[in-house]
Amino acid sequence: MANQPIFVAGYRQDGAILRADMGNAAQTVFTPGANGTRLHAIVLGNDGDAAALVEFGTFDVVFSGVEVNIVPGVTPATDPFTVTRTDDQSWAITENLQVLTLWNVATVNRGDYRMTGTGEQTPGSGIFDVLNLENTPGNAITQQLGVTINAYRWRPLWSMEVPARAGFDGTPSVAGLDLEQMPWLDLTGDRWLLLKEPLAARIPANANAVTTGNVHIGFFGGDY
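Predicted model, so just to flag it, every value in this text is computed and none were measured.

## Digging into the overall build of the protein
Moving on, step 1. Helix and strand counts for the protein stand at 0 helices and 13 strands.
Moving on, step 2. When its helices and strands are written in sequence order, the protein yields β-β-β-β-β-β-β-β-β-β-β-β-β.
Moving on, step 3. Looking at the protein as a whole, 42% of its 224 residues qualify as buried.
Moving on, step 4. In the protein, 75% of the contacts between residues at least 6 apart in sequence involve partners at least 24 apart.

This is how it looks when you write it as structure tokens:
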């Protein structure tokens, strides 16, 4: 039949755990074969007692291991804030208005923030060591001095809610290739997802690393 799976290098069954203790970090959960992998099913489980919204996508690291001072605006809950390097080096970030995700700082400061530009801590120094970020509504920024932070840029593909205890205690697992979430998979009668680069996932609302359980992901497909 035309829509039956054809695997060049054979069947694959893989598993990954999206760890809740990583907070809102992006985690690589699947690496395709050398010429790509066709996924026919993704199965999601949740060992926690609260539902988890899981986002799938790709990401790249913007910076890691940089020591900074995080200073909120006059009104920490709404105003823009600054992230200033302490090493007298300029930020190597030139794309304004991109969204950066801070994930290893104090829980209250983790999240997605839009970058509005860079500035000089010392005017006229030529060192653009100040990163200006817009605040996320409802997230009060806390001052942190001399902390080491990481940031990544997230590129979303689709998202799924995984109910509490899905796949455990007799609760059904969730289909990760649900056509209600990804109707474009069926536009030509195909019901598979072709991956040619690593797939990542994250739990963006889990900034405090305790609100959800671990999400267990099973992949079923084949390599080209």
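## Quick look at the packing of aromatic side chains
Moving on, step 1. According to the stated counting rule, one finds 6 aromatic pairs in the structure shown.
Moving on, step 2. Ring geometry for Phe59 and Tyr152: centres 5.7 Å apart, planes at 70 degrees, overall edge-to-face. A residue pair is termed long-range when its members are at least 10 positions apart, and Phe59 in strand β4 (residues 52-71) and Tyr152 in strand β9 (residues 144-162) qualify at 93 residues.
Moving on, step 3. An aromatic cluster is present here, built from Phe59, Tyr152 and Trp154 joined pairwise through their rings.
Moving on, step 4. Over the aromatic face of Trp192 sits the side chain of Arg38, whose NZ or CZ is 4.0 Å from the ring centroid.

## Comments concerning the environment of Met182
Moving on, step 1. Note that Met182 resides in the loop between β10 (174-175) and β11 (193-195).
Moving on, step 2. Linking Met182 and Trp158, residues 24 residues apart in sequence, is a C-alpha distance of 7.2 Å.
Moving on, step 3. Non-local contacts of Met182, meaning those with residues more than four positions away in its chain, are made with Trp158, Gly176, Leu177 and Leu193.

## Points about the nonpolar core
Moving on, step 1. Membership of the largest hydrophobic core comes to 26 residues, with the highest contact counts inside it found for Phe56, Trp158, Ile217 and Phe219.
Moving on, step 2. Secondary-structure elements contributing two or more residues to this core are β1 (10-18), β2 (27-30), β3 (37-46), β4, β9, β11, β12 (199-202) and β13 (215-223).
Moving on, step 3. When neighbours within four sequence positions are excluded, Phe219 is seen to be in contact with Arg12, Gln13, Asp14, Ala16, Val29, Phe30, Leu39, Ala41, Ile42 and Leu199.

## A short note on the pairing of β13
Moving on, step 1. Burial runs high along β13: 7 of the 9 residues are buried.
Moving on, step 2. Bridge analysis of β1 against β13 gives 9 bridges, and the strand direction is antiparallel. Among the inter-strand pairings, Gly10 is bridged to a residue of β13, identified as Asp223.
Moving on, step 3. Where β3 lies against β13, 9 bridges are found, and the strand directions are antiparallel. Its bridge partner lying in β13, Ala41 is registered against Phe220.

## A closer look at the environment of Asp129
Moving on, step 1. You can see Asp129 is positioned in the loop between β7 (111-119) and β8 (130-133).
Moving on, step 2. For the pair Asp129 and Asp87, spaced 42 residues apart in sequence, the C-alpha to C-alpha distance is 8.6 Å.
Moving on, step 3. When residues no more than four places from it in sequence are discounted, the contact partners of Asp129 are Val83, Thr84, Arg85, Gln89, Ser90, Trp91, Gly119, Glu120 and Gln121.

## Topic: unusual backbone geometry
Moving on, step 1. For Arg165, which is not glycine, the phi torsion reads 65 degrees and is therefore positive.
Moving on, step 2. Within the fold, Arg165 resides in the loop between β9 and β10.
Moving on, step 3. Given a relative accessible area of 23%, Arg165 falls into the partly exposed group.
Moving on, step 4. With a phi angle near 55 degrees, Asp169 is a residue other than glycine that sits in the positive phi range.
Moving on, step 5. Its place among the elements puts Asp169 in the loop between β9 and β10.
Moving on, step 6. Assessed through its relative accessible area of 64%, Asp169 is described here as exposed.

About the criteria used
- Residues numbered from 1 in each chain as written.
- Predicted model: local features only at pLDDT ≥ 70, side-chain atom pairs only at ≥ 80, totals over all residues.
- Heavy atoms only, no water.
- Helix = DSSP H or I, 4+ residues; strand = E, 2+ residues; numbered from the N terminus.
- Buried < 20%, exposed > 50% of the residue type's maximum accessible area, 1.4 Å probe, protein only.
- Contact = heavy atoms within 4.5 Å.
- Phe/Tyr/Trp six-rings, centres within 6.5 Å; stacked < 30°, edge-to-face > 60°.
- Lys NZ or Arg CZ within 6 Å of the ring centre and 35° of its normal.
- Core = buried A, V, L, I, M, F, W, Y, C linked by side-chain atoms within 4.5 Å.
- Pairing = 2+ DSSP bridges.

Treat this as a map of the structure, not an account of what it does.
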